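# Structural features, examined
Listed below, chain by chain, are the residues.
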Amino acid sequence: MTALSIDKAHALAIAALTAVGVPDWEAEVTAHALVMADRDGLASHGLSRLPFYLDQARSGKIVAGARASVAIEGSVIRVDARHGLAFPAIARGVESAIPLARELGMVAVAIGRSHHFGVAGYPVERLAREGLMAMAFSNAPSAMAPWGGNRPLYGTNPIAFAAPRANTEPLVIDLSLSKVARGKVMLARKAGEPIPEGWALDPQGRPTTDADAAIAGSMVPAGDAKGASLALMVELLTAGLTGSHFGFQAGSFFEAEGDPPSVAHLLLVFDPQRFAAGYLAHAEALFSEMLAQPGVRLPGARRFATRAAASEALELPDGLVEELTAYAQPEAPPS
């Protein structure tokens, strides 16, 4: 493993992104999201994802120079990611949502023609730190079959929720609708390691611990039939509302060749003070009752603790650091 300071890891990610044509601001936003994921102990959504983005930017599957556009009609904010990276498009939507939610009480941000959503909890956490309550949804390339089927149609389709708290870190709920994020299977495959039973099914619909068979097969939905139904709901709230690709139409996030994935995201943003005065104090009554029980912690607490512990440096695989360093040299990109 290689220890890199937070600043050096961030700078390395920016250098690699700009070397393949990503504009400065878009590279900054993307690098911040990936480094934050590693700080929070979410390596499957951190810098390990960057080589896939870079390969796709070089092949044209990601439009490296894309700048997302924003259109606002009443309480609806429509963002077109233009087949670029998701993080800048999400950031533009969030920045537009903050003043509008305060003005109107609630808004919807629909982001179409996008790419990998990253850690779903981050945009809602950002909104909660502004005193707003938010939900986030994203679809993804197909990885889960409808309940009772064996051909993947839905993505693992994350859902996140965040709410502000009085004088402390926000409440953040972040979950995938598969039992585990598919990125964890990808990391196991790259490392040549088996996966735990119960994560995935092989192409014949049988439980498997082989990462290759899992990638070729289907992820198991969280909550079985309930999780599969929620994944369908997310497909309609995201791709359905934006005219983007449903999971079964979207190209892989992990392969350089092919058409842009063109997936979609939806953020719902509320100003709690517009619904009932004294929301923060009222919510704390519930949190206090929860925390009075031994062994209970609020969702997001572990993430914030991990983030604080990783405030100085990241431990990254040697090969990943070498790969990103090679990408950051425009005159000698990796073969």
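Refer to the structure printed above.
What counts, and at which threshold
- Residues numbered from 1 in each chain as written.
- Predicted model: local features only at pLDDT ≥ 70, side-chain atom pairs only at ≥ 80, totals over all residues.
- Heavy atoms only, no water.
- Phe/Tyr/Trp six-rings, centres within 6.5 Å; stacked < 30°, edge-to-face > 60°.
- Helix = DSSP H or I, 4+ residues; strand = E, 2+ residues; numbered from the N terminus.
- Buried < 20%, exposed > 50% of the residue type's maximum accessible area, 1.4 Å probe, protein only.
- Pairing = 2+ DSSP bridges.
- Core = buried A, V, L, I, M, F, W, Y, C linked by side-chain atoms within 4.5 Å.
- Contact = heavy atoms within 4.5 Å.

### Notes on the packing of aromatic side chains
Enumeration over the complete set of coordinates arrives at four aromatic pairs. For the pair Tyr-53 and Phe-87, a centre-to-centre distance of 6.2 Å together with 55 degrees between the ring planes defines the contact as tilted. Taken together, the positions of Tyr-53 in helix α3 (residues 50-59) and Phe-87 in helix α4 (residues 86-104) put the pair 34 residues apart, joining distant regions of the chain. Side by side, Tyr-53 and Phe-87 carry an identical accessibility label, which is buried. The interplanar angle of 70 degrees and the centroid separation of 6.2 Å between the aromatic rings of Phe-270 and Phe-275 together place this pair among those described as edge-to-face.

### Section: the sheet that holds strand β10 (residues 218-219)
Adjacent strands of a sheet pair through backbone hydrogen bonds, lying either parallel or antiparallel. Taken in spatial order, the three strands make up an open sheet running β9-β8-β10, and their pairing is antiparallel. With one partner strand each, in any of the chains shown, β9 (207-208) and β10 form the two edges of the open sheet. Taken together, the two bridges between strand β8 (residues 200-201) and β9 define a ladder with antiparallel strand orientation. Looking across to β9, one finds that Ala-200 is bridged to Thr-208.

### Structural notes on the pairing of strand β12 (residues 313-316)
A one-sided burial pattern is seen for β12, the buried positions being Leu-314 and Leu-316 and the unburied ones Ala-313 and Glu-315. By the bridge criterion, four bridges tie strand β1 (residues 2-5) to β12 in an arrangement that is antiparallel. Bridging across to β12, Leu-4 finds its partner in Leu-314.

### A few points about unusual backbone geometry
In this structure, His-83 is a non-glycine residue whose phi angle is positive, near 65 degrees. As for its placement among the helices and strands, His-83 is situated in the loop between β3 (76-80) and α4. The residue Asn-167 is not glycine, and still its phi comes out positive at about 60 degrees. By the secondary structure assignment, Asn-167 is in the loop between β6 (159-163) and β7 (171-175).

### Let's talk about the nonpolar core
Leu-47, Leu-50 and Leu-54 are the most contacted members of the largest nonpolar core, which has 31 residues in total. Those elements giving two or more residues to this core turn out to be α1 (6-19), α2 (24-39), α3, β12 and α11 (318-327). With sequence-adjacent residues up to four places away left out, Leu-54 is seen in contact with Ala-16, Leu-17, Val-20, Leu-324 and Tyr-327. Counting 29 residues, the second largest nonpolar core, distinct from the first, contains Leu-100, Leu-132, Ala-136 and Ala-160.

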